[in-house]
Amino acid sequence: MILGRQHRRLAAMSNCIRICRCLKIYPSTIRQCGARRSYSQLSSMQLDLKRALKSADSQSVNGSSFSDRSQLKYARRLVIKLGSAVITREDEHGIALGRLASIVEQVAECHQEGRECIMVTSGAVAFGKQKLTHELLMSLSMRETLSPNDHARKDVRTLLKARAAAAVGQSGLMSLYDAMFSQYGVKIAQVLVTKPDFYNDETRKNLFSTLSELISMNIVPIINTNDAVTPPPQDDDLIKSKGKKVISIKDNDSLAAMLAAEVSADLLILMSDVDGIFTRPPKQEGAKMIWTYNSDMTDVIQFGKKSTVGTGGMDSKVQAATWALNRGVSVVICNGMQEKAIKSIVLGRKIGTFFTNAPTANATPVETLAENARYGSRILQKLPAVDRANAIYALAELLISKQATILDANEKDIAIATKEGTAAPLISRLSLTPAKLKSLAIGLKQIAETSHTNVGKVLKRTKISENLDLTQVTVPIGVLLVIFESRPDCLPQVAALALSSANGLLLKGGKEASHSNKALMDVVKEALATVGAQDAISLVSTREEISDLLAMENHIDLIIPRGSSDLVRSIQDQCAHIPVLGHAEGICHVYVDKDANLNKALTIIRDSKCDYPAACNAMETLLIHEDLFKEPFFNEVCDMLKKENVQLFSGPKLSSRLTFGPPRAKSLKHEYGELACTIELVSGMDSAINHIHTYGSGHTEVIVTENSEAAAKFQRDVDSACVFHNVSSRFADGFRFGLGAEVGISTARIHARGPVGVEGLLTTKWILKGDGHAAADFAEGGSRTYVHEHLPVDN
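Just so you know, these numbers come straight off a predicted model, no measurement behind them.

Reading the values: rules and limits
Residues numbered from 1 in each chain as written. Predicted model: local features only at pLDDT ≥ 70, side-chain atom pairs only at ≥ 80, totals over all residues. Heavy atoms only, no water. Helix = DSSP H or I, 4+ residues; strand = E, 2+ residues; numbered from the N terminus. Buried < 20%, exposed > 50% of the residue type's maximum accessible area, 1.4 Å probe, protein only. Contact = heavy atoms within 4.5 Å. Areas by Shrake-Rupley, 256 points an atom, 1.4 Å probe, with all protein chains shown as cover. Right-handed = clockwise from strand over helix to strand, strands pointing away. Pairing = 2+ DSSP bridges. Core = buried A, V, L, I, M, F, W, Y, C linked by side-chain atoms within 4.5 Å. Patch = residues over 30% accessible without salt bridge, like charges linked within 9 Å, V, L, I, M, F, W, Y side chains within 5 Å. Salt bridge = Lys/Arg side-chain N within 4 Å of Asp/Glu carboxyl O. Axes fitted to C-alpha atoms, helices over the stretch in contact; angles between N-to-C directions. pLDDT = per-residue confidence, 0-100. Parallel < 35°, antiparallel > 145°, perpendicular 65-115°, else oblique. Left-handed = near helix turned anticlockwise from the far one by under 90°. Expected span 1.5 Å × (residues − 1). Nonpolar A, V, L, I, M, F, W, Y, C, P; charged D, E, K, R; others polar. Phe/Tyr/Trp six-rings, centres within 6.5 Å; stacked < 30°, edge-to-face > 60°.

### Description of the overall build of the protein chain
So, point 1. When its secondary structure is counted, the protein chain shows 26 helices and 28 strands.
So, point 2. Of all 795 residues assigned to the protein chain, the portion counted as buried reaches 52%.
So, point 3. Contacts spanning at least 24 positions in sequence make up 73% of the contacts within the protein chain whose residues lie at least 6 apart.
So, point 4. When the accessible area of the protein chain is evaluated, it comes to approximately 36,800 Å², of which 49% is carbon and sulfur surface.

### Side note on the pairing of strand S20 (residues 619–625)
So, point 1. For S20, the buried fraction is high: 7 of the 7 residues fall into the buried class.
So, point 2. For the crossover from strand S19 (residues 588–592) across helix H22 (residues 598–610) to S20, the handedness is right-handed.
So, point 3. Relative to strand S22 (residues 676–682), S20 is paired through 5 bridges, and the arrangement is parallel. Residue pairing for S22: Thr621 is matched across the bridge by Thr678.

### Observations concerning the nonpolar core
So, point 1. Judged by nonpolar contacts, the single largest core of 53 residues is most densely connected at Leu380, Val482, Leu505, Leu507, Val524, Ile537 and Val743.
So, point 2. Put simply, the parts of the chain that give this core at least two residues each are helix H14 (385–401), helix H15 (403–419), helix H17 (434–449), strand S15 (479–484), helix H18 (490–501), strand S16 (504–508), helix H19 (514–529) and strand S18 (558–562).
So, point 3. In terms of residue count, H18 provides more of this core than any other element does, 8 residues in total.
So, point 4. Excluding residues within four positions of it along the chain, Val743 makes contact with Val482, Val494, Leu497, Ile560, Arg562, Val756 and Leu761.
So, point 5. Among the nonpolar cores identified, the runner-up in size contains 41 residues, and Phe198, Ile277, Ala324 and Leu325 belong to it.

### What to know about a nonpolar patch on the surface
So, point 1. A cluster of nonpolar side chains, namely Val727, Phe731 and Phe737, defines an oily patch on the protein surface of about 250 Å² accessible area.
So, point 2. One can find Phe731 in the loop between strand S24 (722–725) and strand S25 (744–746).

### Some points on the sheet that holds S19
Each strand in a sheet pairs with its neighbour through backbone hydrogen bonds, running either in the same direction (parallel) or in the opposite one (antiparallel).
So, point 1. Taking strand neighbours across the sheet as the criterion, the 6 strands line up as S21-S22-S20-S19-S23-S24 in an open arrangement whose pairing is parallel. Looking at the sheet topology across the chains shown, the edges are occupied by strand S21 (647–650) and S24. Pairs of neighbouring strands in the sheet enclose a mean axial angle of 20°, with direction left out of account.
So, point 2. Bridge count between S19 and strand S23 (residues 700–704): 4 bridges; the pairing is parallel. Bridge pairing in S23 places Val592 opposite Val704.

### Concerning the confidence of the model for the protein chain
In low-pLDDT regions, the fine details of the predicted coordinates are not to be read closely.
So, point 1. Per-residue confidence for the protein chain gives a mean pLDDT of 83, with 81% of residues at or over 70.
So, point 2. Taken as a whole, residues 1–62 scores under 50 in pLDDT and shows 80 contacts with residues more than four places along the chain or in a different chain.
So, point 3. Note on residues 232–244: pLDDT under 50 across the span, and 29 contacts to partners over four residues away in sequence or across chains.

### A few points about the pattern of salt bridges
So, point 1. This structure, assessed with the given rule, holds 29 salt bridges.
So, point 2. We note a salt bridge from Lys317 to Asp253, for which the minimum N-O separation is 3.2 Å. Of this pair, Lys317 sits in helix H11 (residues 314–325) while Asp253 sits in helix H10 (residues 252–262); the two residues are 64 residues apart in sequence, bridging distant segments of the chain. Of the two residues, Lys317 and Asp253, both sit in the buried class.
So, point 3. With a shortest N-O distance of 3.2 Å, Glu706 and Lys600 are connected by a salt bridge. One end of the pair, Glu706, is in the loop between S23 and helix H26 (708–717); the other, Lys600, is in helix H22, with 106 residues separating them in the sequence.
So, point 4. The partly exposed category is assigned to Glu706, whose relative accessible area is 43%.

### Notes on the packing of H22 against helix H23 (residues 632–643)
So, point 1. At their nearest, the axes of H22 and H23 sit 11 Å apart, and the two run at 25° to each other. By the angle between their directions, the pair H22 and H23 is classed as roughly parallel. Seen from above, H22 lies across H23 with right-handed handedness. Counting all contacts with H22, which are made through Leu598, Ala601, Leu602, Ile605 and Arg606, the residues of H23 involved are Phe633, Glu636, Val637, Met640 and Leu641.

### Details of H23
So, point 1. Between its first and last C-alpha atoms H23 spans 17 Å; for 12 residues at 1.5 Å apiece the expected length is 16 Å, and the two agree.
So, point 2. Where the residues of H23 are buried, they touch S19, H22, S20, S21, helix H24 (652–657) and S22.
So, point 3. Following H23 by one or two positions, Asn645 adopts a phi angle in the positive range, close to 65°.

### So, the packing of H10 against H11
In a packed pair of helices, the relevant descriptors are the angle between the two axes and the axis-to-axis distance.
So, point 1. H11 packs onto H10 with a crossing angle of 5° between their chain directions and a minimal axis gap of 9 Å. Put simply, H10 runs roughly parallel to H11. Here Asp253, Ser254, Ala257, Met258 and Ala261 of H10 lie close against H11, whose contacting residues are Ser316, Lys317, Ala320, Trp323 and Ala324.
So, point 2. For the contact of H10 with H11, a count of residues per class yields 6 nonpolar, 2 polar and 2 charged.

### So, unusual backbone geometry
Excluding glycine, residues mostly have negative phi values, and the peptide bonds linking residues are mostly trans.
So, point 1. At Asn726, a residue that is not glycine, the phi angle is positive and equals roughly 60°.
So, point 2. The residue Asn726 is located in the loop between S24 and S25 in this model.
So, point 3. Although it is not a glycine, His788 adopts a positive phi angle of roughly 50°.
So, point 4. Of note, His788 is situated in the loop between strand S27 (762–769) and strand S28 (789–791).

### As for the sheet that holds strand S14 (residues 468–476)
So, point 1. With antiparallel pairing, 4 strands are arranged side by side in an open sheet as S27-S14-S13-S28. Here the strands that pair on one side only, and so sit at the sheet edges, are S27 and S28. Taken pair by pair, the neighbouring strands of this sheet meet at an average axis angle of 25°, ignoring direction.
So, point 2. Of the pairings in the sheet, the one linking strand S13 (residues 458–465) to S28 comprises 3 bridges and is antiparallel in character. For Arg461, the partnering residue across the bridge sits in S28 and is Leu791.

### As for the packing of aromatic side chains
So, point 1. For the coordinates displayed, the defined rule picks out 7 aromatic pairs.
So, point 2. Look at Phe629 and Phe634: their rings are 5.0 Å apart centre to centre, the planes differ by 65°, and that puts the pair in the edge-to-face class.
So, point 3. Phe629 gets classed as buried once you look at its relative accessible area, which sits at 15%.
So, point 4. Look at Phe778 and Tyr786: their rings are 4.4 Å apart centre to centre, the planes differ by 20°, and that puts the pair in the stacked class.
So, point 5. Residue class for Phe778 comes out buried when judged on its relative accessible area of 12%.

### A word on the side chain of His691
So, point 1. The topology assignment puts His691 in helix H25 (residues 685–695).
So, point 2. On the basis of relative accessibility, which here comes to 8%, the residue His691 falls in the buried class.

### As for H11
So, point 1. Over its 12 residues, H11 runs 16 Å from end to end, which matches the ideal 16 Å to within 8%, given 1.5 Å per residue.
So, point 2. Counting buried positions along H11 gives 10 out of 12 residues, so the element sits mostly inside the fold.
So, point 3. What H11 keeps buried is the set Met314, Ser316, Lys317, Val318, Ala320, Ala321, Thr322, Trp323, Ala324 and Leu325.

### A few points about the environment of Val793
So, point 1. Locating Val793 in the fold gives a position in the segment after S28.
So, point 2. By relative accessible area, which is 34% here, Val793 ends up partly exposed.
So, point 3. Leave out the neighbours within four places in its chain, and Val793 touches Val458, Leu459, Lys460 and Arg461.

What follows is the structure, given as structure tokens:
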């Protein structure tokens, strides 16, 4: 949750009170810190904020760790540990300024949102080494002059001691932090500690008293160990302090864990140079990322060597994280070199390894689902076409035989939507009926009937040379991710298309249809089981963030969004590495030519706009030839649309002709998605085409005319996915095209355009058969020559 300005102020005050209460700082101290409001007023504001944050915030306040990443947005007190490898240059001499600046910016943003941030930093040694290297080189310059063969210059780095470097670099590092944070108006304070400070009761009390004072004054404490005097690391993982076992401070990981537990932090972020915890060293074959970790998983990890820069390896990070988790602090271990890692984590994104005490056995990681989908795709591809067709027939039959269970689940979703005040058109899209299920079953059977020649279809054969034949055949794309809203009926449609094309499939539905989607997925799994490929299609948990799915380029080959233009546009904007098939807008036009049959025109206009106004193939703009403006037709069409409760808007040309009439449209490039449309006048065919090219989205355009030459010109010149003559725009649909169903509609200028059925989910591969041929044989003077003869295709 991103707080507004007012809530940010409330959050900062609330957090101040919470820290003061936890660390026994009372109203007098608050007033000394410059607070202008009374303690009772702040307490009232705190209560209001807690109500806004609801139960998730209270979970953190009560000292228990978060159970799910989505709750991390409620974390108020953060401890952020920067490992040496994160802020140090690869040559270990100096700070990676760009990376550190990004981290500082993120911490400053979190601070300004009302979160309480404490930083634990490394880097003093690296900063000092940079300075000392320069000084040593200067001091050696005379020796080099006197003895050009002196090799001491090459050994400068080995002369540098870490403690001396830390002593030199600490002040410079803090000056750098101060300069960076000051750009955001954030005040910082250095807290330099030694490890024994944590084991002595007096110094430990003083340390946390200092931290509490700094936080109450809205200052970000930056903590580092005093590496100039620090003693050797302790050998034991736990030591005793006044009879109480505490974690041994071996490195900044354990320091950060101790600190987070002592100040009751909500979240500890350990930033390293790896993406998170892996089952084995990341560079080893078979290493898999562990996205969610709990204490039961200690046996599945093999640790590798620690970083050459830092003092703590991944095993120390896991020990520190587990120790903090057991004391109520949520932990994420992440790659500090990843862009916007801190902000992504607190927004609930799937970054790094999340440590939780919540059981994880019931939730299959989406990466596993994707791997299963790819394996399932290969199983489907090996099957005879008749087996895939029979599985689709089985799915169609199950939709009818399991109708009662499916409709019961759908009623739960409708009841929730009605209770939440969902708009009637959206409830209509959400609802399933016996008639809809029957129609679905018919469409699925059409897909089954046409699936016998989809995969492995020979498209082209070429004789390259004697006994060297090339064949191009159709193959599945691989793993598809279909993200859809509201309409649960698209789930079995897309599943059948994936089955027919032998693709693996991940489905991400909206939470408003969660019960319906689960019931339908159970039916799909039952159908898949008939061919031994039940894992080829899976429903992704609603807790998975879409942004995380869009980053899975190693697992997903094509993304197909089905939903509102906002959803599609958002996915297209976010997805940088996976192709997206779809359309962001459906700005469809109907053009009524001067030679139109006006009765046909009225029928086509009514159906195009009113049959299903929320559909992407519904008419959004009506273009009328200006010669018809003064004819009775113009009033007839306006009256008809008004009777259908369509809200009318006028384009600029129409508006200039009317003294009183519909209000002017704010934009001619607008998808209403409801009972509303724009009416505009055009001077003729070319004007209509130019208007469509200027304001259209390339979806579906219609001409109503009895002039066959005009219709042919319109259908030739209009550059949209679907161009119709004398029919409603609502025919732009996979089922109506005879595709059985559609996975979506594409307006992109790629192989799949318009309603996309099975063929749009296939790609090709080339199969070359030879007999010991070598490319060198075809070079000039070689023994072979190219023929490139086209051969007949038999399927």
